[in-house]
Amino acid sequence: MKPKKDLQKKHTGYLDQRFHNCIHENDCEAFVLKYIDFVYYIVLKFRPSVEEYEVAELVHDIFIELLKNNREKLRKYDVSKGLSLRSWINMIATRTVINALRKKKRSPILDTQTTEPNNHLADELKSYYSEGNHLMARIETLIETLPKRYRLFFDLFYYQNMELAEIADFLKITRDNVYSMKYKAIKCLKKKLSKGE
Amino acid sequence: MSFCLDETIIADYLSGQLSFIRRYQLKRHLASCKKCLDELLILHQMQKAQENENFKHTKMPSHSVNHIVYLINQQLNPKYVPWKSSKSSLKKTFTGFINRVKKFGCPVNHFIPAMQPIPVLRGFSKIMRTEMSEQHIDIQKKIDALKVNIFFQRSKDAQVVMEIHVTQDKRPAQNVRLTCIRKNDGLDSRLLKDKVIFYDCPFDQYTMIISQHDTERGRFVFDINADGIYEQENIED
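Figured I'd write up the structure that's included with this text. Every value quoted in this text rests on a predicted model; they were computed, and no experiment measured them. (Residues numbered from 1 in each chain as written. Chains lettered and ligands numbered in written order. Predicted model: local features only at pLDDT ≥ 70, side-chain atom pairs only at ≥ 80, totals over all residues. Heavy atoms only, no water.)

1. As for the interface of chain A and chain B
By a widely used convention, the size of an interface equals the accessible area lost when the partners come together. Put simply, the test is: Contacts are assigned to residue pairs with any non-hydrogen atoms lying within 4.5 Å of each other. Put simply, buried area is the surface a 1.4 Å probe can reach on two separate parts but cannot reach once they are joined, added for both. Counted as salt bridges are all cases of a side-chain nitrogen of Lys or Arg within 4 Å of a carboxyl oxygen of Asp or Glu. Polar contact criterion, stated in full: a pair of N or O atoms within 3.5 Å, where within protein one must be able to donate a hydrogen and the other to accept it, and residues adjacent in sequence count only if both atoms are side-chain atoms. Helix numbering and strand numbering both begin at the N terminus, where a helix is a DSSP run of H or I of at least 4 residues and a strand a DSSP run of E of at least 2.
At the interface, 56 residues of chain A touch 57 residues of chain B. Counting the surface chain A buries against chain B, the share from its top three residues, Arg95, Arg102 and Phe170 of chain A, is 14%. One salt bridge connects Lys48 of chain B with Asp169 of chain A, and the closest N-O pair in it is separated by 2.8 Å. Joining chain A to chain B, the criterion identifies 19 residue pairs in polar contact (both at pLDDT 80 or more). Among the elements of the structure, helix 3 (29-45), helix 4 (55-76), helix 5 (85-103), helix 8 (148-159) and helix 9 (164-171) of chain A are those that each provide at least two residues to the side of chain A that touches chain B.

2. What about the pattern of salt bridges?
Any two side chains of opposite charge can pair, given that their charged atoms come close. Keep this limit in mind: Three labels apply to residues, based on accessible area from a 1.4 Å probe with only protein chains included: buried if under 20% of the type maximum, exposed if over 50%, partly exposed otherwise in between.
Evaluation of the coordinates by the stated rule reveals 15 salt bridges over all chains. Of the charged contacts, one joins Asp37 of chain A and Lys59 of chain B as a salt bridge, the two residues approaching to 3.5 Å between their closest N and O atoms. Of the two residues, Asp37 of chain A sits in helix 3 while Lys59 of chain B sits in the loop between helix 3 (34-52) and helix 4 (62-76), which places them in two different chains. Here Glu216 of chain B and Arg219 of chain B are joined by a salt bridge, their closest N and O atoms 2.9 Å apart. With relative accessibility at 47%, the residue Arg219 of chain B sits in the partly exposed group. When salt bridges that share partners are traced, they join Glu65, Lys68, Lys73 and Lys76 of chain A together with Asp6 and Glu7 of chain B into one network.

3. Focus on the pairing of strand 3 (residues 146-154) of chain B
Successive residues of a regular strand alternate their side chains across the two faces of the sheet. Residues and elements named next belong to chain B. Note the following rule: Strand pairing requires that DSSP identify at least two bridges connecting the strands.
Summarising the sheet, strand 2 (residues 136-143) and strand 3 pair through eight bridges and their orientation is antiparallel. Note on strand 3: the bridge partner recorded for Lys141 is Val148. As consecutive antiparallel partners, strand 2 and strand 3 are separated by two residues, and within that stretch Asp144 has a phi angle of approximately 50°, a positive value. Both strand 3 and strand 4 (residues 159-168) contribute to a ladder of nine bridges, which runs antiparallel. Bridged to Gln153 within strand 4 is Val161.

4. Some points on helix 3 of chain B
Where we set the bar: To estimate how far a helix should extend, the number of its residues minus one is multiplied by 1.5 Å.
With 19 residues, helix 3 of chain B extends 27 Å from end C-alpha to end C-alpha; this agrees with the ideal 27 Å at 1.5 Å per step. Burial in helix 3 of chain B covers these residues: Cys36, Leu37, Glu39, Leu40, Leu41, Ile42, Leu43, His44, Met46, Gln47, Ala49 and Gln50 of chain B.

5. Concerning a nonpolar patch on the surface
All names here are of chain B. Operational definition: The patches reported here contain residues having more than 30% relative accessible area and no salt bridge. Joining distances are 9 Å for like charges and 5 Å for nonpolar side chains (Val, Leu, Ile, Met, Phe, Trp, Tyr). What sets the accessible areas is the Shrake-Rupley method with a 1.4 Å probe; for residues, cover comes only from the shown protein chains.
A surface patch of nonpolar side chains, amounting to about 390 Å² of accessible area, comprises Phe20, Ile21 and Tyr24. With respect to the element layout, Ile21 can be found in helix 2 (residues 20-32). Ile21 gets classed as exposed once you look at its relative accessible area, which sits at 56%.

6. Quick look at the state of the cysteines
This is how the line gets drawn: Cysteine sulfur atoms that pair up within 2.5 Å are treated as a disulfide.
What the rule picks out here adds up to one disulfide over all chains. Here Cys22 of chain A engages in a disulfide with Cys28 of chain A; their sulfurs sit 2.2 Å apart. Between Cys22 of chain A and Cys28 of chain A the disulfide shows an S-S torsion of about 90°. By sign, it is right-handed. Per residue, the accessibility class of Cys22 of chain A equals that of Cys28 of chain A, and both read buried. Free cysteine: Cys33 of chain B, not disulfide-bonded; nearest cysteine sulfur from Cys36 of chain B at 3.5 Å.

Now the structure itself:
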């Protein structure tokens, strides 16, 4: 049988001394030194859209964002919500980078992201629409008129080129639900395409 | 630039703890807000990358680390104003007064006869005329044409009286409203006539907002505690 202390640790999570010192003792240097490499890694993930000379500046901005206003963002972290402190820092850091890039009117792209649309959709719908050259443009217009949940599905499946398993993971639904959503969304789109002809 | 979604909602969503209704609302929002969808997708991918990739191999160059740590310390360590600093500031004020009198060509000893009470300094309330001690702090700020003087005095245990003077062209500023927000409590907002006094403010973090003609002109954030006053540097965007 596990001692009570361990069980408590499991439920409340474990926050290290550096985090505690930063929040309560106003001593954030050890905290910064612990997470600086991780924050650096996050900024480097945006290398396609972040210039090399901007990396250090962004790392600095992320820590300021975390620690400003009496460490407001760090204080918001709630260990009982199930997200690790590293994930919380990851989220704040990512948002800071996105914000900085948007301010500079650049779109945030990760080094693993692809921006090409999914062509499988066009193949599936070819038999319903004769003008092959204009098919994709027509599909894109029609997607905008679909109900919101189908539009979201097409955003992920078609524009973001995500696999169905990835969509299920992202939307926090089961794979069966995604398959059903795909079937219904494509059926709805086909209906609109045939009506348009 | 601000985001539509609060970070606590995103955190709950990413950890799968968002309630069904909130998740449904979020998805509806994502369907119509491209920026949020992009943002959430990137966050999702970053979380996956964090779980799957070994980020421990990524090391920031040491010279950059040192520089960033130095900069963060510079920006985050607030200016420290100890209670005892008031002694010198009040002394300066008093010396200034004496010098002004001297300018009139009148010997100080003649001007203030022996056994007379301490002269009443113009613009100072009763609190500030009390004997100089280590219990006062005088902070002066300048916002465009407005000069803001904030006097702090410890009144009781763990309590402070704040007296604020705002002047413009050496006269009390017109149409000025002072709003004092206590972090863990409420706010108090007053129109300035000659001065504004906030009595018995417990030790806490305060934000003082100075607005003129219903437009915010500036704000100060400070912590008051037993050691003194820590003013926060302005590190907002």
